[in-house]
Amino acid sequence: MKQIKIHLFALLAIIALGSCSSDNDDNSSGQHNSNANANVVTVGIPQEVTRLEFPKVKGGASTIIVHKTDAYGVNFCTEFDTKLKSQRWSCYAVYKSNNIKGWNRNNWKNGTSWNGQFWHGDPFQTDPAISIDCQPSTREFGASSMPSQGITYFQRGHIVASEDRICNQDVNGQTFYMTNMQPQRGEFNTGIWETMEEKIRSFLSINMSTQASHANDTMYVCKGGTIDKADQILGYTTNHFIVPKYFFAAVLIKNNSGYKAIGFWFEHKAYASTEKLSAHVVNIDKLEELTGIDFFCNLPDDIENKVESTNITPSYLQTLWNITN
């Protein structure tokens, strides 16, 4: 069975003090290192904001949606801005117990029941966690065009990819909520964005039968599109939903050697098939400058500063993360 929690931020500003998440599968609080900018649990703000995959929450008109399942606990979380009617980012963690294949997206096409419906295709649906008036309908993107950009329609672009959550039907199904979507042109969604998603999955690939390789690693991911600055908005759909001009991803891995982090930044456009993923690598400091988002804010300050440093060059990150093209 699935569970959904939703939390509306208090109007007061969030004071950035509090404890960090630990690095077990639950990410429950446990670290006590100095941290001046961590998220804090207050009235209306959920405990989950202290997890390591979370960036600094914006607050104001934003809502944190926490998707859970009985079998795996927290699946992924989304910051959804009810005023802008757009998701700002979604974040999730990958570790040994949920990095398994128990579901295949093709199963939806074969016909199956889930969430009170019978599906003969991908289960795209509005998210019951927030008002239907705040979020795009399942047909909004496909019915929208942008002739000036040569775009006849947009795809429903997953932020947390379907393939990132395949441990069972429930966790996969939740990725099809429209609050986890942004309008993406097809060449981008199935091109460089998909290439990045596949690369991120390879960072923590394991032997599914033995759970041997990287079994003790945990990966934290935050992805989204730009919605907060006018010059970072490409345009709007038919019913005035934002089309981001840029998309991004921030990745943090913790293993026995410590922490490492990498960022990706893309203009939302069609790229040639020869486009190199390495051309879009940035360090986290740069990604924060570009997006205005404070990633991995729940890390102790000394670790956060080290893994996000401006002294870490893209070429060094390409070598460290084995990005060869």
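Everything here concerns the structure above.
Read on for a plain summary of the structure. Quantities reported herein were computed from a predicted structural model and do not represent experimental measurements.

### Digging into the environment of A61
Point 1. In this structure, A61 sits in the loop between β3 (29–31) and β4 (62–69).
Point 2. Along the primary structure A61 and K83 are separated by 22 residues, whereas in three dimensions their C-alpha atoms are 5.8 Å apart.
Point 3. What A61 contacts, discounting residues up to four positions off in sequence, is F80, D81, T82 and K83.

### Some points on the side chain of Q87
Point 1. Along the chain, the position of Q87 falls in strand β6 (residues 86–94).
Point 2. Judged by relative accessible area, Q87 falls into the buried class, the value being 1%.
Point 3. Polar side-chain contacts of Q87 include one of 3.2 Å to the backbone oxygen of T179.
Point 4. Excluding residues that lie within four positions of it along the chain, Q87 makes contacts with T78, E79, F80, I159, T179, N180, M181, Q182, K223, G224 and I227.

### Structural notes on the side chain of T78
Point 1. As for its placement among the helices and strands, T78 is situated in strand β5 (residues 73–81).
Point 2. At a separation of 2.8 Å, a polar atom in the side chain of T78 contacts the side chain of S90.
Point 3. Not counting residues within four places of it along the chain, the set of residues in contact with T78 comprises T63, I64, I65, Q87, W89, S90 and T179.

### Structural notes on the environment of E187
Point 1. Tracing the backbone through its elements, the reader meets E187 in helix α3 (residues 186–189).
Point 2. Owing to a relative accessible area of 42%, E187 belongs among the partly exposed residues under this scheme.
Point 3. In this structure the C-alpha to C-alpha distance between E187 and A272, which are 85 residues apart in sequence, comes to 9.1 Å.
Point 4. Excluding residues within four positions of it along the chain, E187 makes contact with I192 and A270.
Point 5. Here R185 takes part through its side chain, which lies 3.2 Å from a polar atom of the side chain of E187.

### What to know about helix α5 (residues 284–291)
Point 1. Regarding α5, the residues found buried are I284, L287, E288, L290 and T291. The arc that holds every buried residue of α5, seen down its axis, measures 165°, which confines them to one face.
Point 2. Lining the buried residues of α5 we find β14 (246–255), β15 (258–267), β16 (281–282) and α6 (301–308).
Point 3. Two or three places before D285, at the start of α5, stands the capping residue N283, its side-chain oxygen 3.2 Å from that residue's backbone nitrogen.
Point 4. With its phi angle positive at about 75°, G292 sits one or two positions after the end of α5.

Thresholds applied
- Residues numbered from 1 in each chain as written.
- Predicted model: local features only at pLDDT ≥ 70, side-chain atom pairs only at ≥ 80, totals over all residues.
- Heavy atoms only, no water.
- Helix = DSSP H or I, 4+ residues; strand = E, 2+ residues; numbered from the N terminus.
- Contact = heavy atoms within 4.5 Å.
- Buried < 20%, exposed > 50% of the residue type's maximum accessible area, 1.4 Å probe, protein only.
- Polar contact = N/O pair within 3.5 Å; in protein donor to acceptor, adjacent residues only side chain to side chain.
- Arc of directions from axis to C-beta.

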